[in-house]
Amino acid sequence: MTGTYLGMPAMPATPRMPAVPATPEVPSFPEAAREAVRDGVLRANLRHATHTIRDKRARAVAELADWDRLRAAGRAVKDHTLRHLDRYLLQLEEAVTAAGGTVHWAADADEANRIVTDLVRATGEREVVKVKSMATQEIGLNEALEAAGIAAYETDLAELIVQLGHDQPSHILVPAIHRNRAEIRDIFRTEMGRWGRPAPGSLGDDPRELAEAARLHLREKFLRAKVAVSGANFMVAETGTMVVLESEGNGRMCLTLPETLISVVGIEKVVPTFRDLEIFLQTLPRSSTAERMNPYTTMWTGTMKGDGPTAFHLVLLDNGRTDTLADETGRQALRCIRCSACLNVCPVYERAGGHAYGSVYPGPIGAILSPQLRGTARAIDASLPYASTLCGACYEVCPVAIDIPEVLVHLRERVAQGGPATRAGIRVTLRPADGHTAERAAMRAARLLLDHPGALRAGERLLARARRLAPRRLPGAGRAWTDSRELPTVPPESFRDWWAARERSTPR
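Each chain carries its own residue numbering, running from 1 in the written order of its sequence. Whole-chain, interface and lining totals are the exception, using all residues; otherwise, since this is a predicted model, local features are given only for residues with pLDDT of at least 70 and side-chain atom pairs are given and counted only at 80 or more. Neither water nor hydrogens contribute to the side-chain values; these are computed over all heavy atoms in the structure.

*Asks:* What exactly am I supposed to notice about the overall build of the chain here?
*Replies:* Numbering of helices and strands starts at the N terminus; helices are DSSP runs of H or I of at least 4 residues and strands are runs of E of at least 2. When helices and strands are counted, the chain shows 23 helices and 12 strands. Its C-alpha atoms give the chain principal-axis dimensions of roughly 90 × 55 × 45 Å. Each residue gets one of three labels from its accessible area relative to the maximum for its type: buried under 20%, exposed over 50%, partly exposed in between, using a 1.4 Å probe on protein chains only. Within the chain, buried positions represent 50% of all 508 residues. Here, residues are in contact when the closest pair of their heavy atoms is within 4.5 Å. Long-range pairs, those at least 24 residues apart, make up 73% of the contacts in the chain with a sequence separation of at least 6. For the accessible areas, the method is Shrake-Rupley and the probe is 1.4 Å, while residue cover comes only from the protein chains on display. Counting every atom, the chain has about 24,600 Å² of accessible surface; 54% of that belongs to carbon and sulfur. His residues and chain termini do not enter the charge count, which takes Lys and Arg as positive and Asp and Glu as negative. To locate a charge, take NZ of a lysine, CZ of an arginine, CG of an aspartate or CD of a glutamate. The positive charge centre, built from 66 side chains, and the negative charge centre, built from 61, are 6 Å apart in the chain.

Following this line, the structure appears as C-alpha cells:
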C-alpha cells in the first residue's frame, strides 16, 4: 500500500501481518463451549496448564504470612481510587505532561484507534512493535492499524504465537495456553518466513529451540522499529509513572529502543501514589506466575533526553469503564489487576477454554467485565453471566477480593429482568434479554410463594408426602441439568415440621 499523509512523501509498502479477523457477532457462550468441550486436545492442554499454574500459585501465596492483609490493602487502594477516579486521572495527566509526555483521552475504541493511527502516521513510519496490551486487543487496534497500512508486530512470545497462528488469545496471562509445543513448532515453521526471519528448517518442539527461534525472529524487529505501542499494568497519579510487568524482557526492548512510545491504558489502571505499588508488586507476581518477584518490571516517567523514547503519548481509554463505575455492585470488576488467578481455578474455564467467552477477557473476570463494558444486547454478552457454577473459587484466589459470584448474580438479574443501567454516560432502562421468560416466571412464582408463609408451608408438606412420585430426571429444558446430575432426594418431612417436632420433644 502506498500513499501520503499530511504532506509526507509516499512510503514503500511494508510486509503486513495477517491480523486476527474481526468477529462482530459471535455465538453465545453455551454454543461456543459445546464445541470446545468436544476438543480432547484442547481440554488436555488446558487441564495441564491451569493445574500446574494453580498449584505453583498456592505454594507461592502460602509463603506470605500477611497475604490476607495484602489482599485487603489492594482492595482498599483500588476502591479508594475508583471513588475518586476523576481527581486521580487529572493529577496523572498533569504529572505526565510535566514530565514531557502528551495525554490523549479516548471515550471509546474508535476514538482510541484514530488517535493511535494518527500518531503513528505523523512519524512517517509504517510499522510498530507492541508489548502485550489487553487494552489494544479490546479495541481491535491491530486491525485498525492494518486498515491504515501499518503493520503491528506482537513481541510477547505468547502473543506472537497467537498472531502467527491467525488466532485469538484464550488466557489473560498465557494467551496461547490452548496450544501445545508441537502446534507451536508447526506455526513457527509455516508462518515466520512470511513476514520476517524464518524459523530454522530443523526446528523441533523443545521449548528452548522455540524460544530461540522467536528471539532471533524478533531481534530484527526490535532493532528496526521506530514506534512502539504498549499498555501498562499501573499508572501512578502522583508521579506520572507508567509500570509494565512482564516475564521475557521483550517488553523492555519495546519500551526503550523506539523513538516514539504510545501507551494505551484503561482509566482504571491508575493508583494514587508510588508507595501503593508496594502492595501490587507483591500480589501480582505470586497470583499470576507464582513468582516471588516479577522478572522484568519497567517503569518510566515522561521522556528524558538521551534515555529511551524521545516522544511519549499516553492514551487514556474509557470504552465503557465510566458506565461500569456507575454500577455500585458491578464496579468492583474494575479492581482487576489482570493476574488470571480466577481462570486457573475455574472449572468452567478449564473445560471450555477462553475462546468460548467471545472476548479478550476470558474466564470469570471476563464473564463480569465484558457484559459491563459492552452491554448485554448481544447473545454472547447476555450469556456470559451464566458461564459459572457460582462455586466461589474465583473470589477466594482474587488478590484484590473481587466478589465475582456476587457480580454474576447481579448481572443475571439485569439480563433476565432488565432494569436501570448506564450506557454512554446516560441512565437508561434495559429491557429483559430474549429467552428468559421461563426464568422470570419461576422467579415471580418463587417470590409470590415466599411472600406467603402459609402457602410455602402447604407446598413443603405436599412435596414431602409425594416424594415417592418425584422424578429422577427433569423434563424439558431441565433435562440437560439432570443428564449429568441426580436430583436431590425429597426428605420425609420439611425442615419446618422437623424443627417444630424437635422443639416439642426437647425438655424445657
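*Asks:* Help me understand the sheet that holds strand β10 (residues 311–317) in this model?
*Replies:* Think of a sheet as strands paired side by side through backbone hydrogen bonds, with each pair either parallel or antiparallel. By this definition, two strands are paired if DSSP reports at least two bridges between them. Taken in spatial order, the 6 strands line up as β1-β10-β7-β4-β2-β3 in an open sheet, and their pairing is parallel. Single-partner strands in this sheet number two, and they are β1 (102–106) and β3 (151–154). The sheet shows a mean angle of 25° between the axes of neighbouring strands, direction not considered. Direction of pairing for strand β7 (residues 260–266) relative to β10: parallel, over a ladder of 7 bridges. By the bridge assignment, T260 is partnered in β10 with A311. On top of the sheet, helix α4 (residues 85–98) reaches β1 and β10; it is set at about 145° to β1, its chief contact. Helix axes use the C-alpha atoms of the stretch in contact, all axes being lines fitted to C-alpha atoms, and the angles between their N-to-C directions lie in the range 0 to 180 degrees. The strands touched by helix α5 (residues 109–123) are β1, β2 (127–130), β4 (227–230), β7 and β10; relative to β1, the strand with the most contacts, the crossing angle is about 145°.

*Asks:* Would you take a moment to explain the sheet that holds strand β6 (residues 241–246) for this structure?
*Replies:* Strand order in this open sheet of 4 strands is β8-β5-β6-β9, and the pairing throughout is mixed. Of all strands in the sheet, those bounded by a partner on one side alone are β8 (270–271) and β9 (296–301).

*Asks:* Any chance you could explain the packing of aromatic side chains here in plain terms?
*Replies:* Here a ring pair, both rings aromatic, is described through the centre-centre distance and the interplanar angle of the planes. Two aromatic rings from Phe, Tyr or Trp, using only the six-membered ring of Trp, form a pair when their centres are within 6.5 Å; if the ring planes differ by under 30 degrees the pair is stacked, by over 60 it is edge-to-face, and anything between is tilted. For the structure on display, the rule yields 8 aromatic pairs. With a centroid separation of 4.6 Å and 15° between ring planes, the pair formed by Y153 and W195 is classed as stacked. A residue pair is termed long-range when its members are at least 10 positions apart, and Y153 in strand β3 and W195 in the loop between α9 (181–191) and α10 (207–224) qualify at 42 residues. Across this residue pair, the class does not change: Y153 and W195 are buried.

*Asks:* Sorry, what's going on with α5 here?
*Replies:* For the α-helix, the turn length of 3.6 residues means that residues three or four positions removed from each other point alike. What a helix is expected to span follows from its residue count: subtract one and scale by 1.5 Å. Here α5 is 15 residues long and its end C-alpha atoms lie 22 Å apart, about the 21 Å a rise of 1.5 Å per residue gives. Those residues of α5 that sit buried are A109, A112, N113, I115, V116, T117, L119 and V120. A positive backbone phi angle near 85° is found at G124, which sits one or two residues after α5.

*Asks:* Sorry, what's going on with the pairing of strand β11 (residues 419–423) here?
*Replies:* A regular strand places its side chains on the two faces of the sheet in alternate fashion. For β11 and strand β12 (residues 426–430), the ladder comprises 5 bridges, and the chain directions are antiparallel. In the strand pairing of β12, T422 is matched with R427. The hairpin formed by β11 and β12 contains 2 residues between the paired strands, and A424 there has a positive phi angle of roughly 55°.

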